[in-house]
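# Examining the three-dimensional arrangement
Listed below are the residues making up each chain.
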Amino acid sequence: LPSAPRHQLVQELFIHGGAGGMLAFEPCGGTQAAEVVLRNLKLGMVAPSLGGVETLVTRPSTTTHVGLTREQRQAIGIGEGLIRVAVGIEDGQDLVDDFMQALDAAAAAASADKAE
């Protein structure tokens, strides 16, 4: 987005001003919510490596950064519930729908836990 702090840098570094297909987010609820999201994705495949044409997802705290302590991961911004996504060639709206239903499942699980 033009309002993003490094928007101009992206415009300079990437051909035609586009960005890559990699993103990361940490759902509210940390590790438990992240696990629910990953279990509920239909299109995104959980994988330790993010190279492929299909959408792949991983939790760095349990894969690529497992060799670091929790404190070291926190210091570099790798939360226990962080999910990293390499967007593949699937239909964009299908991916949005899939992630939305997975996030809804995580929110429902968190609500159910609070009700107990």
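This text goes with the structure placed above it.
All of these numbers come straight from a predicted model, not from anything done at the bench.

The next subject is the pattern of salt bridges. The full count for this structure, using the stated rule, is two salt bridges. Between Arg-59 and Glu-35 there is a salt bridge, with the nearest N and O atoms lying 2.2 Å from each other. Taken together, the positions of Arg-59 in the loop between β3 (56–58) and α3 (70–75) and Glu-35 in helix α2 (residues 30–40) put the pair 24 residues apart, joining distant regions of the chain. The salt bridge partner of Glu-80 is Arg-73, with a shortest N-O separation of 3.0 Å. The pair formed by Glu-80 and Arg-73 is uniform in burial state, with each residue classed as buried.

Attention now goes to the layout of surface pockets. One number sums up the size of the largest pocket: a volume of about 150 Å³. Taken together, Leu-23, Phe-25, Thr-55, Val-85, Val-87, Gly-92, Leu-95, Val-96, Phe-99 and Leu-103 form the lining of the largest pocket. For the lining of the largest pocket, the elements supplying multiple residues, two or more each, are β1 (22–25) and α4 (92–115). Per-element tally for the lining of the largest pocket: the top contributor is α4, with five residues. Here the residues of the lining of the largest pocket are counted per class, giving eight nonpolar, two polar and no charged.

Parameters and conventions
- Residues numbered from 1 in each chain as written.
- Predicted model: local features only at pLDDT ≥ 70, side-chain atom pairs only at ≥ 80, totals over all residues.
- Heavy atoms only, no water.
- Salt bridge = Lys/Arg side-chain N within 4 Å of Asp/Glu carboxyl O.
- Helix = DSSP H or I, 4+ residues; strand = E, 2+ residues; numbered from the N terminus.
- Buried < 20%, exposed > 50% of the residue type's maximum accessible area, 1.4 Å probe, protein only.
- 1 Å grid on protein atoms, 1.4 Å probe; cavity = no way out; pocket = protein on both sides within 12 Å on 5 of 7 lines; lining within 4 Å.
- Points joined across faces, edges and corners; volume = space filled by probe spheres on them.
- Nonpolar A, V, L, I, M, F, W, Y, C, P; charged D, E, K, R; others polar.

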